[in-house]
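Architecture at a glance
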Amino acid sequence: MDLPPEDDLIRLNKLLATLGVESRRHAEEMIIAGRITVDGVTATEKGQKVRRGAVIKVDGVEVGPPPPPAWLALHKPKGYVSTKEDTRDRPIVMDLLPPELSHVHSIGRLDGDVSGLLLFTNQGELTHRLAHPSYGVEKVYHAATRRRFSEDAARRLAHGVDLNDGPTAPAKCRVVGREGSGSLVELIIHEGRKHQVKRMFEAVGYPLAELRRVAVGPVSLGDLERGRWRHLTDAEVDELYRMAGLPRPCRE
Ligand code: URA
C-alpha cells in the first residue's frame, strides 16, 4: 500500500485538538481507553501519525471541525442544576440555552438552590484558568442572612475563616442592605470551592436564606432577566482572556 506524503500526516492528538476535543490530555486519555478509531481502526498510540483527512470517531461518533468559539452569560434561576445531564431528572441549565449552543459548558458551577450569573464557553483552557483561584477572578455574591449580620462577622469573613478543607483566602465583605429580618451582604471571593459561600457564612454563625451571584470578573448580571442568556460583549471577552493570560481567538 502507498503511504501518504509526510506533509499529509499529523499526530493524532494534534488532529483531535483541531477537531475540537477539548484538551490534549483528554484526547490522550480517550486514546488509551480505546475510544478513538482512525479510518475504522482503533487508535493505540497518542503520538501516532494519521492522514489529515482521516475519519476520526470517538465512541463510534464521527468528529467534525469544531464549532466557532462562544462566550455566554446566563441568569440561572434557583431549581436548575449546573451539570450537562442529571441522573435525578432535575432541570438543567442547558435547558435554558438554544440547541445550537449545546457544545458550550459552564465555567464553574452554582448550586441548585443558588441563582445568578453563570458563564458558558466552549473554550477549555479559558474555563480551566478562570476557575483557578491563582488567576484572581473575583466573584461577587449577594447573600441574604436570616438575622441581622454583624460588622464583626463581616470582618471575620474578610479576614478568612477556617473551613473543613482549609482556611479561606482574604475576601471583601460588607452589608449592602436589609432583607426582611436579616441583612443583604456582599461577599467578593476569588476561590470557588464547593458550597464555599454558604459554608463561610455558616462558619460565622449565619446560615443563608438566599444566595445569588451578581458578577464574575468583568461580567455583571445587570438587568438580564431570570432564565435568560446573552452573548458576552467583545470588551467582556477581551478582559476575560486578559485575566486568564491567553490570546483571544476570533468569534468566527
Ligand atoms: N458558594 C456556594 O455556597 N454555592 C454556590 O453555588 C456558589 C458559591
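Calculation criteria
- Residues numbered from 1 in each chain as written.
- Predicted model: local features only at pLDDT ≥ 70, side-chain atom pairs only at ≥ 80, totals over all residues.
- Heavy atoms only, no water.
- Helix = DSSP H or I, 4+ residues; strand = E, 2+ residues; numbered from the N terminus.
- Contact = heavy atoms within 4.5 Å.
- Domains from an automatic or database assignment.
- Salt bridge = Lys/Arg side-chain N within 4 Å of Asp/Glu carboxyl O.
- Buried < 20%, exposed > 50% of the residue type's maximum accessible area, 1.4 Å probe, protein only.
- Near = heavy atom within 4 Å.
- Polar contact = N/O pair within 3.5 Å; in protein donor to acceptor, adjacent residues only side chain to side chain.
- Areas by Shrake-Rupley, 256 points an atom, 1.4 Å probe, with all protein chains shown as cover.
- Nonpolar A, V, L, I, M, F, W, Y, C, P; charged D, E, K, R; others polar.

Checked against the element boundaries, Cys173 lands in strand S13 (residues 172-179). Through-space distance from the C-alpha of Cys173 to that of Ala70 is 32 Å; in sequence the pair is 103 residues apart. If we skip the residues at most four places from it in the chain, Cys173 touches Phe149, Ala154, Leu157, Ala158, Val185, Glu186 and Leu187.

Next up on the list: the domain arrangement of the protein. Segmentation of the protein into domains returns domain 1 (6-62), domain 2 (71-133 + 219-244) and domain 3 (138-216). With centres defined by C-alpha atoms, the gap from domain 1 to domain 2 works out at 29 Å.

According to the stated counting rule, one finds 16 salt bridges in the structure shown. The residue Asp39 makes a salt bridge to Arg51 at a minimum N-O spacing of 3.1 Å. On the criterion of sequence distance, the pair formed by Asp39 in the loop between strand S2 (36-38) and strand S3 (41-42) and Arg51 in strand S4 (residues 49-51) is long-range, its members being twelve residues apart. The partly exposed category is assigned to Asp39, whose relative accessible area is 40%. Here the salt bridges share partners, and the residues they tie into one network are Asp165, Glu191, Arg193 and Arg199.

Mapped onto the secondary structure, Arg11 falls in strand S1 (residues 9-11). Separated by 35 residues in the primary sequence, Arg11 and Lys46 have C-alpha atoms spaced 7.7 Å apart. Once residues lying within four places of it in the same chain are set aside, the contact partners of Arg11 are Gly47, Gln48 and Lys49.

Close contacts around the ligand come from Leu110, Asp111, Val114, Tyr141, His195, Gln196, Val197, Lys198 and Leu211, and that covers them all. Asp111 places a polar main-chain atom, nitrogen or oxygen, 2.7 Å from an oxygen atom of the ligand. A distance of 3.0 Å separates a nitrogen atom of the ligand from a polar atom in the backbone of Val197. If the ligand stood free it would expose 240 Å²; the protein chains cover 95% of that surface. The leading source of residues in the shell around the ligand is helix H5 (residues 196-203), at three residues. Within the shell around the ligand, the residues separate by chemical class into five nonpolar, two polar and two charged. If you count residues domain by domain, the shell around the ligand takes at least three from each of domain 2 (71-133 + 219-244) and domain 3 (138-216).

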